[in-house]
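What follows is the residue order along each chain.
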Amino acid sequence: MSPTDTDLPGDPPDMDWEQVQESAEFRQLRHRLRTFVFPMTALFLIWYLLYVLLADYAHGFMSTKIAGNFTVGLLFGLLQFVSTFLITWLYVRYANRRLDPLSKRIRDDIENPAAKESE
């Protein structure tokens with residue numbers, strides 16, 4: 001397989017993708033992504049596991065009525081959905097502010113290398 005076999009339509013010819021990957025901007029982009037994604041994933045998994053463990057081993061607590069037939073278990077279950085939407089909103093906000101501008105700069109440098117050299 002030649003290097004051109006993996007090129008996508010619209011890719012600049014003779015692009016050294018390893019050089020792009022090793023650039024300071026790309027490393028910064030990868031670092032910014034990981035500093036959000038890894039902690040948020042861990043936090044959500046802990047929250048979800050807590051819910052599952054409480055549902056399995058703390059029947060009395062989870063069946064505690066809050067109002068009418070609305071229980072702590074039902075509240076925690078609904079909060080799983082709320083936390084999913086909250087994480088999605090936080091990620092979109094973070095990506096718009098911290099990831100997208102940097103990825104746009106990297107893409108612009110790739111698509112128009114002459115502009116970068118003239119700076």
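One can find the structure itself at the top, above this paragraph.
These notes cover the structure that comes with them. All of these numbers come straight from a predicted model, not from anything done at the bench.

**Quick look at the overall build of the protein chain**
A tally of regular secondary structure across the protein chain gives five helices and two strands. When the 119 residues of the protein chain are sorted by exposure, 18% land in the buried category. For the protein chain, contacts bridging at least 24 residues in sequence account for 60% of all contacts bridging at least 6. Surface exposure of the protein chain reaches about 9,200 Å², of which carbon and sulfur atoms provide 64%.

**What to know about helix 2 (residues 24-57)**
For helix 2, which comprises 34 residues, the first-to-last C-alpha distance of 49 Å matches the rise-based estimate of 50 Å (1.5 Å per residue) to within 8%. For helix 2, the complete set of buried residues consists of Leu29, Arg32, Phe36, Met40 and Leu54. Packed against the buried residues of helix 2 are helix 3 (59-62) and helix 4 (72-111).

**With respect to the nonpolar core**
Grouped together as the largest cluster of nonpolar side chains are 10 residues: Val20, Leu29, Phe36, Met40, Tyr94, Ala95, Leu99, Leu102, Ile106 and Ile110. Those elements that place two or more of their residues in this core are helix 2 and helix 4. When residues in this core are grouped by element, the largest group, six residues, is from helix 4. If near-sequence neighbours (up to four positions away) are discounted, Leu99 is found in contact with Leu29, Arg32, Leu33, Tyr91 and Tyr94. Leu54, Met62, Val72 and Phe76 belong to the second largest nonpolar core, which has five residues in total.

**Re the pattern of salt bridges**
Taken as a whole and judged by the stated rule, the model has two salt bridges. Note that Arg105 and Glu25 form a salt bridge whose closest N and O atoms lie 3.1 Å from each other. Of this pair, Arg105 sits in helix 4 while Glu25 sits in helix 2, placing them 80 residues apart in sequence. The exposure class of Arg105 is partly exposed, given its relative accessible area of 41%.

The rules behind each value
Counting restarts for each chain, with residues numbered from 1 along the sequence as it is written. Since the coordinates come from a predicted model, pLDDT governs what is reported: local features require at least 70, and pairs of side-chain atoms require 80 or more to be given and counted, while whole-chain, interface and lining totals use all residues. As a rule here, side-chain values come from all non-hydrogen atoms in the structure, and water together with hydrogens is ignored. Here a strand is any run of E in DSSP of at least two residues, a helix any run of H or I of at least four, and the numbering for each starts at the N terminus. Each residue is placed in one exposure class: buried if its accessible area under a 1.4 Å probe, protein chains only, is under 20% of its type's maximum, exposed if it is over 50%, and partly exposed if it falls in between. The contact criterion used throughout is that any non-hydrogen atoms of two residues lie within 4.5 Å. Under the convention used here, a 1.4 Å probe and the Shrake-Rupley method define accessible areas, while residue burial counts only the protein chains that appear. Expected span, for any helix, means 1.5 Å times one less than how many residues it has. To define a nonpolar core, start from buried Ala, Val, Leu, Ile, Met, Phe, Trp, Tyr and Cys residues and group those joined through side-chain atoms within 4.5 Å. We count a salt bridge whenever a side-chain nitrogen from Lys or Arg sits within 4 Å of a carboxyl oxygen from Asp or Glu.

By themselves, these figures tell us nothing about what the structure is for.
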